[in-house]
Amino acid sequence: KATFPDLKIYVIAPASLKTEWARTALKTTGLKSCEDSSTKDDKADPSKSLDMHISSWAKIPQHVPNNVKHYVVICDEAHSMQNIASARTKDTLHLIRGKRCVGALLLTGTPMKNGKPVNLFP
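Description of the structure in this document.

Each value, and the rule that gives it
Residues numbered from 1 in each chain as written. Predicted model: local features only at pLDDT ≥ 70, side-chain atom pairs only at ≥ 80, totals over all residues. Heavy atoms only, no water. Phe/Tyr/Trp six-rings, centres within 6.5 Å; stacked < 30°, edge-to-face > 60°. Helix = DSSP H or I, 4+ residues; strand = E, 2+ residues; numbered from the N terminus. Buried < 20%, exposed > 50% of the residue type's maximum accessible area, 1.4 Å probe, protein only. Pairing = 2+ DSSP bridges. Disulfide = S-S within 2.5 Å. Core = buried A, V, L, I, M, F, W, Y, C linked by side-chain atoms within 4.5 Å. Contact = heavy atoms within 4.5 Å. Salt bridge = Lys/Arg side-chain N within 4 Å of Asp/Glu carboxyl O. Axes fitted to C-alpha atoms, helices over the stretch in contact; angles between N-to-C directions.

## Notes on the packing of aromatic side chains
And then number 1: Under the definition given, this model contains 1 aromatic pair.
And then number 2: Their ring planes at 75° and their centres at 5.4 Å tell us that Y10 and Y71 sit as a pair that is edge-to-face. Of the two residues, Y10 is situated in strand β1 (residues 7–13) and Y71 in strand β4 (residues 70–76); the sequence distance between them amounts to 61 residues. One exposure class covers both Y10 and Y71, and it is buried.

Below, the structure written as C-alpha cells:
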C-alpha cells in the first residue's frame, strides 16, 4: 500500500471465500476492500479509498474504472478457469489482458487435469 499507493487489487474467488479474503486482508495488511454485489454488466467499482475489490467467479468485473491507474488480478481456485471456452475464463483473461494490469497471480491447490500446464495457462 505504501509502496504502490495507486495499485488496486482485484480478487476473484469462490463466493464462499469472499468474506475470508476481506477479513484476512484487513487483519494482516490493513488493506480495505469491498465485496462485489453488482451484476456482471454494472460498471460500479470500489471508491478511490478502497485497495481491493473482491468478486466471485460468477461476477467477474467487466470494466476497470478510468481512475484506476494500475491493478493486479488474484484468482483464487484458478482451476475454475480450465475451460478456455467458458465465460468465466474469457472474462478473467479479458481483465488480465487489460493495458493497466501489471500482474496476475493464479492460486490453486487442485492438481491439473492430466498434468497439463495448458489447463492453467490457456
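On we go.
## Re the pairing of β1
And then number 1: Within β1, 6 of the 7 residues are buried, leaving the element largely enclosed by the surrounding structure.
And then number 2: Where β1 meets β4, 6 bridges bridge the pair, whose relative direction is parallel. Bridge pairing in β4 places I12 opposite C75.
And then number 3: As paired elements, β1 and strand β3 (residues 52–56) share 5 bridges and run parallel to each other. Bridged to I9 within β3 is M52.

## Thoughts on the state of the cysteines
And then number 1: Taken as a whole and assessed by the stated rule, the structure comprises 0 disulfides.
And then number 2: No disulfide involves C75; its nearest neighbouring cysteine sulfur is the one of C101, lying 9.2 Å away.
And then number 3: The exposure class of C101 is buried, given its relative accessible area of 14%.

## As for the nonpolar core
And then number 1: Counting 13 residues, the largest nonpolar core has Y10, I12, Y71, V73 and L95 as the members making the most contacts within it.
And then number 2: Contributions of two or more residues to this core are made by β1 and β4.
And then number 3: Here this core takes 3 residues from β4, the largest share from any one element.
And then number 4: Setting aside residues no more than four positions away along its own chain, L95 makes contact with Y10, I12, I60, P61, V64, Y71, V73 and C101.
And then number 5: Among the nonpolar cores identified, the runner-up in size contains 10 residues, and V11, A22, A25 and I74 belong to it.

## Considerations on the pattern of salt bridges
And then number 1: Evaluated as defined, the whole model comprises 2 salt bridges.
And then number 2: The salt bridge involving K69 is made with D6; its shortest N-O contact spans 3.6 Å. One end of the pair, K69, is in the loop between β3 and β4; the other, D6, is in the segment before β1, and 63 residues separate them in sequence.
And then number 3: Put simply, E20 and R23 hold a salt bridge, and the shortest N to O gap is 2.5 Å. Here E20 pairs with R23, and both are found in helix α1 (residues 18–29), just 3 residues apart, close to one helical turn.

## A few points about unusual backbone geometry
And then number 1: At E77, a position not held by glycine, the phi torsion is positive, near 60°.
And then number 2: Here E77 shows up in the loop between β4 and α2 (87–96).
And then number 3: Look at E77 and you get partly exposed, because its relative accessible area is 24%.

## Notes on the sheet that holds β1
Through backbone hydrogen bonds, the strands of a sheet pair up, either in parallel or in antiparallel fashion.
And then number 1: Strand order across the open sheet formed by 5 strands is β2-β3-β1-β4-β5, with parallel pairing between neighbours. Looking at strand neighbours, the two that pair on one side only are β2 (33–35) and β5 (101–107), the edges of this open sheet. Strand-to-strand twist of the sheet, defined as the mean angle between neighbouring strand axes without regard to direction, takes the value 15°.
And then number 2: Pairing analysis gives 3 bridges linking β2 to β3, with the strands arranged parallel. Note on β3: the bridge partner recorded for S33 is M52.
And then number 3: Where α1 meets the sheet, its contacts fall on β1, β2, β3, β4 and β5, and the angle it forms with β3 comes to roughly 165°.
And then number 4: The sheet contacts of α2 involve β1, β4 and β5, and relative to β4 the element is tilted by about 150°.

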